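Reading the structure
Spelled out, the chains give:
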Amino acid sequence: MNSTLPSGPAVRIEGLDKYYGSFHALRKINLSVERGEKIVICGPSGSGKSTLIRCVNRLEQHNGGRITVLGTELNDDVGNIDGIRREVGMVFQHFNLFPHMTVLENCMIAPMIVRKRPRAEAETTARRFLEKVRIPEQAMKFPGQLSGGQQQRVAIARALCMQPQIMLFDEPTSALDPEMIAEVLDVMVTLASEGMTMICVTHEMGFARRAADRVIFMDGGEIVEQAPPEEFFTSSRNERTRQFLSQVLGH
Amino acid sequence: MVSLLRNQKVRNALLQVLYVGSLAGMVLACVMIARRNLAEQGITSGFDFLFKSTGWDVNFSLLPATANDPYWWYFLIGIVNTLFLGSTGLILATIVGTIVGLARTSSNELARLLGRTYVDIFRNIPLILQVFFWYAVITHLPTPRAAHEAFGILLSSRGLYVPIPNVGGVAFAAAAIALIAAIALPVWLGRTSRLNQPVGERLGIQLTGAAAALACAVVILAVGRLPDLALLDFPALQGLNIKGGLRIPPEFSALAVAIAIYGGSYIAEIVRGGFKAVGKGQMEAAQSLGLSPWRVFTLVRLPLALRAMLPILANQYVWLMKATTMGIAVGFTDFFMIVALTINHSGQTLEAIGILMAGFLAINLSLAAVFNRINKAIALKGNQLRG
């Protein structure tokens, strides 16, 4: 997929429906993310933000509509799913590092097995990205020996080592202590400035202001409003958005 | 004086002295009563009997045995038999438990139902009933004349007959060790961090290791081969009975099957718990990196589940090792039965029971020590784990 870069948006979502049993989690979502675009998705809990980005790499299976990632449709075809997961990195709220592998092994395992990179090359890449997230000295430690902020930065490095074209962030700072949030956001801002396509579910409105091209507000499984951050924060017309913003920014 | 008694340290010390003193007194009283009673019955205590010949036979032994052999040799035979039965039972129980446990965690409804039914049935019937059941089944197999045959193995009511190589005892043991190494080496090579290749890409080295160990086994067998005999001794019907090969008596098979099936139902629950303990997050992370379902299983799910299982598994293994003493119920000459026969024939009850207890302590403490070592080696490091 690396060699053929089809034109068109990085992610196109058309009429997406998702049910959990009888609960309608996502209702007819339409969203298009351009290459190099940074999207921030926010909204109250239970609004379907996480479900939406988890559909993009098929951690959740959608029930209706179409998702096209980098020109490949996400359907039951296992080859398509594998191909898309190779190109889409994901960072989780709870880091989800492999606790039985060192930081370096966490970063090397997927490139070596999925991308079939030789060990030396995988290690060079891993060390480069660990340097980028500013923890090269922790390479030989185990995840359990690091702080939350450090673990999350390793998780970002691990995803980047696959050299993905799109990065998904699912509330990456929600499980962190306040002083660790900044170190993770710094890494994300750097990544954004380098042109990575990013879809971030986050409540960090400061990050949205600094890095996002577009902010999307979701509620009740629907996209209520989307706008560039400046417009979104200052002149939202929607009642629900304004209420949410007053709660998030209000103190 | 009164104030001294109110001192906490003095009180604690006094209690300790009282406790140790009364314990020592009880032990002393027991020993003296036992000595007097033994003397009254004209039994000489001591371990001299170990060097007298037994005068009776055992029905199954991996070591050469005659009625002229001394008691200590019979004890050794008993321990070897117990270890043979125990390790066979443990390995089979682990295989059964893994399959059933995986079935119970599978997404397939039928597999889950079958697994659950299995556990419900076999975990809730006493082991000794299961031993008797399998013993009855096995002794009702066809007579030697109508024995089932497959790959040179004969199965009849008199037992299971398997071909054995015509080699000396030492060479046979050495070859067995080499064979175990052929299985263990690839596993070890797959995990050790000293190799340059990453875990999961060491197939070449693993295969080389296994091949080398197998070659060793073949060489040892060729060197230790007894002259003028075929390499393999196949069992065959001669007259009314089967001759040749190694006979595994129905008593052993019944016990091994019962321990495998009963123990398997407990191990299945341990396996299920282990897999349930693996965080969904780690698996999702592995999936999102593009790893195939098989790789997610072998690289993330299984290693993490194993760490959750091992401590409980060690417990279960010790338990099943002790279950080999059921041998006496169907007449398999395990360590316990040898000790029971010794008591009948020599009257050295206390000594024999002492040896029995020491033997089982040694077996199970070593088992526990090995597992503790493994546990320690693979324990997850750090305490900041989440998810």
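Residues numbered from 1 in each chain as written. Chains lettered and ligands numbered in written order. Predicted model: local features only at pLDDT ≥ 70, side-chain atom pairs only at ≥ 80, totals over all residues. Heavy atoms only, no water.

Our next topic: the packing of helix α5 (residues 127-139) of chain B against helix α8 (residues 250-277) of chain B. Helix packing geometry: the angle between the two helix axes and the distance between the axes. Residues and elements named next belong to chain B. Where α5 contacts α8, the two axes come as close as 8 Å, and the packing angle between them is 135 degrees. As the angle between them shows, α5 and α8 are arranged oblique. Where α5 crosses over α8, the handedness of that crossing is right-handed. Between α5, through L127, Q130, V131, W134, Y135, I138 and T139, and α8, the contact on the second element is made entirely by P250, E251, S253, A254, L255, V257, A258, I259, I261 and Y262. Residue composition of the contact of α5 with α8, by class: 13 nonpolar, three polar and one charged. (Axes fitted to C-alpha atoms, helices over the stretch in contact; angles between N-to-C directions. Helix = DSSP H or I, 4+ residues; strand = E, 2+ residues; numbered from the N terminus. Parallel < 35°, antiparallel > 145°, perpendicular 65-115°, else oblique. Left-handed = near helix turned anticlockwise from the far one by under 90°. Contact = heavy atoms within 4.5 Å. Nonpolar A, V, L, I, M, F, W, Y, C, P; charged D, E, K, R; others polar.)

Attention now goes to the nonpolar core. In summary, soluble globular proteins display a tendency toward joint burial of nonpolar side chains. Core analysis: the biggest nonpolar cluster contains 66 residues, and V11(A), I13(A), I41(A), L52(A) and V69(A) have the highest contact counts within it. Ranked by residue count, the leading element in this core is helix α10 (residues 293-323) of chain B, at 13 residues. Ranked by size, the runner-up nonpolar core spans 52 residues in total, among them V40(A), I156(A), V189(A) and L191(A). (Core = buried A, V, L, I, M, F, W, Y, C linked by side-chain atoms within 4.5 Å. Buried < 20%, exposed > 50% of the residue type's maximum accessible area, 1.4 Å probe, protein only.)

This part is about the packing of helix α4 (residues 109-123) of chain B against α8(B). Residue and element names in this part refer to chain B. Taken N-terminus to C-terminus, the directions of α4 and α8 make an angle of 125 degrees; their axes are 9 Å apart at the nearest point. Put simply, α4 runs oblique to α8. Here α4 and α8 pass one another in a crossing that is left-handed. Judged by residue contacts, Y118, V119, F122 and R123 of α4 engage A260, I261, Y262, G264, S265, Y266, A268 and E269 from α8.

Take helix α7 (residues 203-223) of chain B next. All names here are of chain B. Given a rise of 1.5 Å per residue, 21 residues ought to cover 30 Å, and the 30 Å separating the end C-alpha atoms of α7 matches this to within 8%. Within α7 the residues assigned to the buried category are Q206, G209, A210, A213 and A217. Projected onto a plane normal to the axis of α7, the buried residues spread over an arc of 95 degrees and lie on a single side. Turned more than 90 degrees away from the buried face of α7 sit L207, T208, V218, A222 and V223, all of them exposed. (Expected span 1.5 Å × (residues − 1). Arc of directions from axis to C-beta.)

Here we come to the sheet that holds strand β3 (residues 159-162) of chain B. Residues and elements named next belong to chain B. Taking strand neighbours across the sheet as the criterion, the four strands line up as β1-β2-β3-β8 in an open arrangement whose pairing is antiparallel. Every interior strand has two partners, whereas the edge strands, β1 (148-150) and β8 (246-248), have only one. Averaged over all adjacent pairs, the angle separating strand axes in this sheet is 20 degrees, with direction ignored. One ladder, built from three bridges, connects strand β2 (residues 153-156) with β3; its direction is antiparallel. (Pairing = 2+ DSSP bridges.)

So, about the domain arrangement of chain B. A common way to state how big an interface is: give the accessible area lost once the parts meet. All names here are of chain B. For chain B, the assigned domains read domain 1 (2-45), domain 2 (48-160 + 250-387) and domain 3 (164-233). On a C-alpha basis, the centroid separation for the pair domain 1 and domain 2 is 40 Å. Summed over both sides, the interface between domain 1 and domain 2 buries roughly 260 Å², with carbon and sulfur atoms accounting for 54% of that surface. If you look at where domain 1 meets domain 2, you find zero salt bridges. Counting across the domain 1 and domain 2 interface gives zero residue pairs in polar contact (both at pLDDT 80 or more). Among the residues forming the side of domain 1 that touches domain 2, the class breakdown is three nonpolar, two polar and no charged. (Domains from an automatic or database assignment. Buried area = accessible area lost by both parts, 1.4 Å probe. Salt bridge = Lys/Arg side-chain N within 4 Å of Asp/Glu carboxyl O. Polar contact = N/O pair within 3.5 Å; in protein donor to acceptor, adjacent residues only side chain to side chain.)

Residue-level contacts link 32 residues of chain A with 29 residues of chain B. Summed over both sides, the interface between chain A and chain B buries roughly 2700 Å², with carbon and sulfur atoms accounting for 63% of that surface. On the chain A side of the interface with chain B, the three residues burying the most area are P99(A), H100(A) and I113(A), jointly 20% of the side's total. If you look at where chain A meets chain B, you find one salt bridge. The partner of E284(B) in a salt bridge is R54(A), and the shortest N-O contact between them spans 2.6 Å. Our count for the chain A to chain B interface comes out at four residue pairs in polar contact (both at pLDDT 80 or more). In terms of residue class, the side of chain A that touches chain B is built from 19 nonpolar, nine polar and four charged.

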